[in-house]
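Spelled out, the chains give:
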Amino acid sequence: MPITVNSNPAAAAANFYMSKNNSALQKSINRLSSGSKIVHPNDDAGGLAVSMKLESAVVRLKGAEKNIQNGISFLEVQDGVMANTGKIMSRMIELKGLSQDVLKNSSDNDNYNREFRNLQVQLYEMSHLTFNGVSMFANYQSGGTTESVFNDMNQSLTLDNTLSIYVSSDGSTGPKVSINKALLLGALTIEADDLEQNGADGNATANNWSVADGQTKAQRDTTRLYTFASQTYDGAFSLDEVSVGVFTQALENIATLRADNGGTMSRLQYASDNATLQAKNFAAANGRIVDVDIAAESTNLAKYNILAQASASMIAQANSSMDIALMLLR
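Reading guide: rules and limits
- Residues numbered from 1 in each chain as written.
- Predicted model: local features only at pLDDT ≥ 70, side-chain atom pairs only at ≥ 80, totals over all residues.
- Heavy atoms only, no water.
- Helix = DSSP H or I, 4+ residues; strand = E, 2+ residues; numbered from the N terminus.
- Expected span 1.5 Å × (residues − 1).
- Buried < 20%, exposed > 50% of the residue type's maximum accessible area, 1.4 Å probe, protein only.
- Contact = heavy atoms within 4.5 Å.
- Polar contact = N/O pair within 3.5 Å; in protein donor to acceptor, adjacent residues only side chain to side chain.
- pLDDT = per-residue confidence, 0-100.
- Axes fitted to C-alpha atoms, helices over the stretch in contact; angles between N-to-C directions.
- Parallel < 35°, antiparallel > 145°, perpendicular 65-115°, else oblique.
- Left-handed = near helix turned anticlockwise from the far one by under 90°.
- Nonpolar A, V, L, I, M, F, W, Y, C, P; charged D, E, K, R; others polar.
- Salt bridge = Lys/Arg side-chain N within 4 Å of Asp/Glu carboxyl O.

(A) Quick look at helix α8 (residues 294-320). With 27 residues, α8 should cover 39 Å at 1.5 Å per step; its first-to-last C-alpha distance of 39 Å lies within 8% of that length. Among the residues of α8, those classed as buried are Glu297, Ala308, Ser311, Ile315 and Ala318. Tucked into the core, α8 has its buried residues touching α1 (9-34). Regarding α8, its N-cap is aspartate 293, as a side-chain oxygen of that residue lies 3.2 Å from the backbone nitrogen of alanine 295 further along.

This is the structure:
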């Protein structure tokens, strides 16, 4: 081949390869230092798009899981109130039995009545408790002033206040679990005539009456509708106004509310487990796309490090090869 000084093809080729090797070496260093094989969008444009969607799904699922846990906390606090309500009802039944003791005089029965009336006020206060400012019990239909009703296990959601918890990464367009603001006042409202149609101490099968919040004695005498909750001590009714069957029905209604609460809590727990598992699987899927293979990339690092040094050395060799032209000119 001719010997020239204006051009050096060997040095130009070595320089080209050194540039390529340095670029590959830098990319390998970036991948190893970041732990990701998609450092720049042009590394894998399609993979980057999928990765962004998967990362977003994981974030949304973690948010949904937190909301589910808050829903479980809401139901746990609600159930605790209803459990205490059941204890109060049991105490009321006990007071009714004690007041029927032939050895008790009128003064003794007055003392029982005082406790009985105070317990009704306590039940009223408990039925208006809130969880972080959100009422736990529905006293009125959602968004209105019409009183809610209790209809055994077949509670109509159109008459009840519900809270929706979205349990997937799809938000409102995906599945949800509705938790009820328990109809505590409705469950504590019993119509005596309905009980009497089922026998002296029978059980009513449907309680489709409104909550008589703050009803007067005159109203009770007319409707025979008893609510075991009173805003004031004077508005509470006495032990001699109600039969044992009414107490029993109210206690069964509370048990029904707690059973419904437990079913919803169980569903939320499974939804929480599912959201956690989905988030883990989405994170794993994203890792298969973006996570760098340390072993393979370490091999590439060593390879391109050697090639970069070799190409630099070859540039020096190619430049020194032109010294032969000076030897011929001497």
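(B) Here's a closer look at the confidence of the model for the chain. For the chain, the mean per-residue pLDDT works out to 82, and 80% of the residues sit at or above 70. Predicted confidence in the chain is weakest over helix α6 (residues 217-223), with a mean pLDDT of 53, and strongest over helix α2 (residues 45-99), with 93. Note on residues 153-158: pLDDT is under 50 here. Beyond four places in sequence and across chains, it has eight contacts. Here residues 196-213 is a poorly scored stretch, pLDDT under 50, and it has 48 contacts once near neighbours within four places are set aside; other chains count.

(C) Inspection of the packing of α2 against helix α7 (residues 244-290) at higher detail. Where α2 meets α7, the axes come as close as 7 Å, and the angle between the chain directions of the two elements is 165 degrees. Our classification of the angle between α2 and α7 gives roughly antiparallel. As α2 packs across α7, the resulting crossing turns out to be left-handed. Here the residues of the contact of α2 with α7 are counted per class, giving 29 nonpolar, 16 polar and six charged.

(D) Looking closely at the pattern of salt bridges. Applying the stated rule across the entire model yields six salt bridges. In this structure, the salt-bridge partner of aspartate 43 is lysine 27, at a minimum N-O distance of 3.8 Å. With aspartate 43 in the loop between α1 and α2 and lysine 27 in helix α1, this residue pair connects regions lying 16 residues apart in the sequence. Judged by its relative accessible area of 35%, lysine 27 falls in the partly exposed class. A salt bridge links arginine 91 to glutamate 94, with the shortest nitrogen-to-oxygen separation between them at 3.0 Å. In this pair, arginine 91 and glutamate 94 are both assigned in helix α2, three residues apart and thus about one turn of the helix distant. Salt bridges here are not isolated pairs; linked through shared partners, they connect Arg91, Glu94 and Glu115.

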